[in-house]
Amino acid sequence: MLRIHARQKTLFWRILSGCLPIKSRLGGFLNTDTCCALCGDDVESDVHLFRDCHFARGLWFSCPWGPCSSGLGNLNLEDWFLWLFDTRNELMILYGACIIEHIWNCRNEVIFRGAKANMAASVKIILQRFNEFRSELLEADEPVNTHSDAPRSNLVDGCRFRVDASILDGLAGLGDVQVDAEPDEASVLLHFTAVDSVLEAELRAILSVLTWAREKELNSVFIESDSLIAVKALNSNVLPYAWADALACYARVSRVSASCVLRDVAPFVATM
């Protein structure tokens, strides 16, 4: 039995039945704009809207289990849903249902009310909805485990962040999510910047965390990244040429450690 809200079940049925009124489906009949309302970069199809859109990727990246979709990008939408259900992780399925429901609601707010999609606010709304439905549907007594299986660091006056980046035509979207704080207090750092390489994008995402930690006057920070090169460079304190600012920022935080989150272990981490 799928233990999610009845409204979410109805939405799932509409998506998998191909009867959701998305732009690519209506455009052929109405001769209207078919661009995604949330990112404007591609045609609004079911797969794009709920999985591949930059906004959707950012929301999946914020998932407490670190999952989303780059390792699953070759699946069609039906198989992608089946993969999620086959995990048999009721909490992750419910969280995924909350993400999908919010994406649809947010898309409609943008189209019909002229609202603007806000990533940080969306993450908090999804967490709030998840906790409401969890107590109602799953009757779980234990708190949600928001940490990955990556090695832990004994932090004192510090924080733990998961970082990632995605690149399209030289423009990178950088995302940093704090994973050791309560949902309402967790920091979410989002940036867009021009870069020359994937490594530069990953390093800029890490630099964003270090800058934030310095501004907060924290003594230590633990960083999770799916870039092994970036992790090794950070842990060895040997960064590429022209990263003097990053080294200076690194030096002001007394203890910095990093761990590589492998894509085949946490496939969703790589999707933003």
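Thresholds, definitions, all that
- Residues numbered from 1 in each chain as written.
- Predicted model: local features only at pLDDT ≥ 70, side-chain atom pairs only at ≥ 80, totals over all residues.
- Heavy atoms only, no water.
- pLDDT = per-residue confidence, 0-100.
- Helix = DSSP H or I, 4+ residues; strand = E, 2+ residues; numbered from the N terminus.
- Contact = heavy atoms within 4.5 Å.
- Buried < 20%, exposed > 50% of the residue type's maximum accessible area, 1.4 Å probe, protein only.
- Arc of directions from axis to C-beta.
- Core = buried A, V, L, I, M, F, W, Y, C linked by side-chain atoms within 4.5 Å.
- Phe/Tyr/Trp six-rings, centres within 6.5 Å; stacked < 30°, edge-to-face > 60°.
- Lys NZ or Arg CZ within 6 Å of the ring centre and 35° of its normal.
- Salt bridge = Lys/Arg side-chain N within 4 Å of Asp/Glu carboxyl O.

Student: Describe the confidence of the model for the protein, and please don't skip the residues or the numbers.
Tutor: On average, residues of the protein score 75 in pLDDT, and 69% of them are at 70 or above. Looking at the elements of the protein, mean pLDDT is at its lowest for helix 10 (residues 244–252), recorded as 63, and at its highest for helix 6 (residues 90–113), recorded as 91. Contacts from residues 140–156, a stretch scored under 50 in pLDDT, to residues over four places away or in other chains number 39 contacts. Contacts for the low-pLDDT stretch residues 262–272, under 50 throughout, to residues beyond four places or in other chains number 42 contacts.

Student: Got a sec to walk through helix 9 (residues 228–236)? Specific residues and values, please.
Tutor: If you check which residues of helix 9 are buried, you get A230, V231, A233 and L234. Down the axis of helix 9, the buried set is contained in an arc of 165 degrees. They therefore lie on one face. Counted as exposed and oriented over 90 degrees from the buried face of helix 9: I229 and K232.

Student: Can you tell me about the nonpolar core, naming the residues and giving the values?
Tutor: I15, L38, F50, L59, I100 and I103 are the most contacted members of the largest nonpolar core, which totals 39 residues. Elements supplying a minimum of two residues to this core: helix 1 (6–16), helix 3 (46–52), helix 4 (54–61), helix 5 (77–86), helix 6 and helix 7 (119–138). With 13 residues, helix 6 is the single largest residue contributor to this core. With sequence-adjacent residues up to four places away left out, F50 is seen in contact with I15, L20, A56, W60, W80, I100, I103 and W104. Of all hydrophobic cores here, the second largest spans 21 residues; its members include C159, L189, L203 and A213.

Student: Could you give me a rundown of the packing of aromatic side chains, with the residues and numbers involved?
Tutor: One pass over the structure, following the stated rule, counts 8 aromatic pairs. Aromatic ring contacts, followed pair by pair, group F12, W60, W80, F81 and F85 into a single cluster. Taking the ring centre of W80 as reference, the NZ or CZ of R51 above it sits at 6.0 Å.

Student: Report on the pattern of salt bridges, specifying residues and quantitative values.
Tutor: Pairs can form between side chains of opposite charge whenever their charged atoms are close. Applying the stated criterion across every chain yields a total of 10 salt bridges. Residue R129 pairs with E101 through a salt bridge whose shortest N-O separation is 3.8 Å. In this pair, R129 is assigned in helix 7 and E101 in helix 6, connecting sequence segments 28 residues apart. Look at R129 and you get partly exposed, because its relative accessible area is 28%. With a relative accessible area of 6%, E101 lands in the buried category. The closest approach of N and O atoms between E109 and R113, which form a salt bridge, is 3.6 Å. In this pair, E109 and R113 are both assigned in helix 6, 4 residues apart and thus about one turn of the helix distant. R113 gets classed as exposed once you look at its relative accessible area, which sits at 67%. Taken together, the shared-partner salt bridges in this structure form one network comprising R7, E101 and R129.

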